[in-house]
Amino acid sequence: MNTIPEITEAIRKLSTTAEINAVITTVKAQQKLIRRMESAKAAMTLEVGQSVKVNARNRVIRGTITKINRTKAVVDAPHYGLYNVPLTMLQAT
């Protein structure tokens, strides 16, 4: 398996825009697949009514899941209201 430095060196050797675009398309497709797998994994461990915490910017918000969508969950946080949070940002408490 290639390491990051080897991959970086191979990318630097590309000479046409078409080659670079092909690499970009492949990387984006892999990134999308990984994000889907992470969301699915997170969704399997969460359920409606569960207490969670969200690391949001410079604070931690605690709340309860009220709805789980495909990639996000609606979290009811006291004093903050309803938040639409990506599943990968939620941690069970």
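Quick notes on the rules
Residues numbered from 1 in each chain as written. Predicted model: local features only at pLDDT ≥ 70, side-chain atom pairs only at ≥ 80, totals over all residues. Heavy atoms only, no water. Pairing = 2+ DSSP bridges. Helix = DSSP H or I, 4+ residues; strand = E, 2+ residues; numbered from the N terminus. Axes fitted to C-alpha atoms, helices over the stretch in contact; angles between N-to-C directions. Core = buried A, V, L, I, M, F, W, Y, C linked by side-chain atoms within 4.5 Å. Buried < 20%, exposed > 50% of the residue type's maximum accessible area, 1.4 Å probe, protein only. Contact = heavy atoms within 4.5 Å.

1. Re the sheet that holds strand β4 (residues 81–86)
1) Next: If you trace the 5 strands from one edge of the open sheet to the other, you get β4-β3-β2-β1-β5, paired in antiparallel fashion. The sheet terminates laterally at β4 and β5 (90–92), the two strands that pair on one side only. Within the sheet, the average angular offset between the axes of one strand and its neighbour, ignoring direction, is 45°.
2) Next: Relative to β5, strand β1 (residues 51–56) runs antiparallel, the two sharing 3 bridges. Residue pairing for β5: K53 is matched across the bridge by Q91.

2. Details of unusual backbone geometry
1) Next: Although it is not a glycine, H79 sits at a positive phi angle of roughly 70°.
2) Next: Secondary-structure assignment places H79 in the loop between β3 (72–77) and β4.

3. A closer look at the nonpolar core
1) Next: Counting 13 residues, the largest nonpolar core has L46, V52, I65, V75, L87 and L90 as its most contacted members.
2) Next: Listed by contribution, the elements that provide at least two residues to this core are β1, β2 (59–68) and β3.
3) Next: If near-sequence neighbours (up to four positions away) are discounted, L90 is found in contact with L46, V52, K53, V54, I65, A73, V75 and V85.

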